[in-house]
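Here is what each chain is made of, one letter per residue.
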Amino acid sequence: MLTMRPPMADLRLRAFCAVLCAVSSLHAHTLHQSTGEAEYNPTTHKLEVSLTVFINDLELALIRQSERVLYFDKTPAAELDAQIRAYLDKTFVVTDAFGKTAKLHWLGRATEDQSVKSDDPAVTLFFEVPLPEGLGGTKLAHTLLHDLYKDQTNLLHLRQGNRQQELSFTLQEANRQLSFPD
């Protein structure tokens, strides 16, 4: 009897789907939220950003994006950082007053020892967004993890000098003006 083997691409797709299902089932937390801070620096003309997200959620998003298995503790740092940056380029989109998309400048990431020991470790991502004209007319589409969770909320504390405000980005309201009320 002759048995036919499935093509290699079919085997890879099946393996990828199995890993994706396994990773998806590991999520223990029910809170789907990221927190962040963004401060406009008038000296450098950059929006300095730090975002904190659950590692498990970010890993799942990166696996879906790259169609490869990626883990914070096993994937080479340069490869992981490149995937994070590519994901941020799609999910943290800043446009200036003229509608031009500003390019993110990746600075790095950090995890706190206490967070790593928890059931839901988190990572903080650091990057800058050049805004030579300032915040006036600037918009942000902050859709981080909206592709995974319909109830995902991204909170951002925005500062410029003495002015500050809290912004919330949901699936229904993912685009916001980065300006301060007069």
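Look above for the structure.
Before going into details, it helps to say that this report is about the structure given with it.

Let's talk about the overall build of the chain
A tally of helices and strands in the chain yields four helices and nine strands. Across the chain, helices and strands are ordered from the amino to the carboxyl terminus as α-β-β-α-α-β-β-α-β-β-β-β-β. Residues counted as buried form 42% of the 182 residues belonging to the chain.

A short note on the side chain of Gln 165
The residue Gln 165 is located in strand S8 (residues 163–169) in this model. The class for Gln 165 is buried, based on a relative accessible area of 18%. Polar contacts involving the side chain of Gln 165 include one to the main-chain carbonyl oxygen of Ser 179, which spans 2.3 Å. Not counting residues up to four positions away in its chain, the partners in contact with Gln 165 are Leu 156, His 157, Leu 158, Ser 179, Phe 180 and Pro 181.

Regarding the layout of surface pockets
Of the voids in this model, the largest pocket is the one considered here, and its volume is about 150 Å³. Lining the largest pocket are Asp 96, Lys 100, Thr 101, Ala 102, Lys 103, Pro 130, Leu 131, Pro 132, Glu 133, Gly 134 and Thr 138. Residues that form the lining of the largest pocket fall into these classes: four nonpolar, three polar and four charged.

Some details on unusual backbone geometry
Unlike most non-glycine residues, His 45 shows phi in positive territory, near 60°. Topologically, His 45 is positioned in the loop between strand S1 (33–41) and strand S2 (46–54).

Things to note about helix H2 (residues 55–66)
Because an α-helix completes one turn every 3.6 residues, residues spaced three or four positions apart along the sequence face the same direction. In a regular helix each residue adds 1.5 Å, so 12 residues correspond to 16 Å; H2 covers 16 Å between its end C-alpha atoms and thus fits that length. The buried fraction of H2 is high, at nine of 12 residues. Along H2, the residues that are buried comprise Ile 55, Asp 57, Leu 58, Glu 59, Leu 60, Ala 61, Leu 62, Ile 63 and Ser 66. Where H2 ends, the next residue or the one after it, Glu 67, has phi of about 60°, a positive value.

Thresholds, definitions, all that
- By convention here, each chain's residues receive numbers from 1 onward along its written sequence.
- Confidence filtering applies because this is a predicted model: local features only for residues at pLDDT of at least 70, side-chain atom pairs given and counted only at 80 or more, and all residues used for totals across whole chains, interfaces and linings.
- Side-chain figures throughout are based on the complete set of non-hydrogen atoms in the structure, without hydrogens or water.
- Helix and strand assignments follow DSSP, with helices taken as H or I runs no shorter than four residues and strands as E runs no shorter than two, numbered in order from the N terminus.
- Residue burial is assigned from relative accessible area. The probe radius is 1.4 Å, only protein chains are included, and a residue is buried under 20% of its type maximum, exposed over 50%, and partly exposed in between.
- Definition of a polar contact: a pair of N or O atoms within 3.5 Å, with one able to donate and the other able to accept a hydrogen when the atoms are protein atoms, and with sequence-neighbouring residues admitted only if both atoms are side-chain atoms.
- Residues count as neighbours in contact if any of their non-hydrogen atoms are within 4.5 Å of one another.
- Using a grid of 1 Å spacing that covers the protein atoms alone, one calls a set of points a cavity when a 1.4 Å probe fits there but cannot get out, and a pocket when the set is open and has protein on both sides within 12 Å along at least five of seven lines; lining residues are those with an atom within 4 Å of a point.
- Grid points are joined across faces, edges and corners, and a volume is the space filled by probe spheres set on the points.
- Note on residue classes: Ala, Val, Leu, Ile, Met, Phe, Trp, Tyr, Cys and Pro are nonpolar, Asp, Glu, Lys and Arg are charged, and everything else, Gly too, is polar.
- Residue count minus one, scaled by 1.5 Å, sets the expected span of a helix.

None of the figures reported here should be taken as evidence of function without further support.
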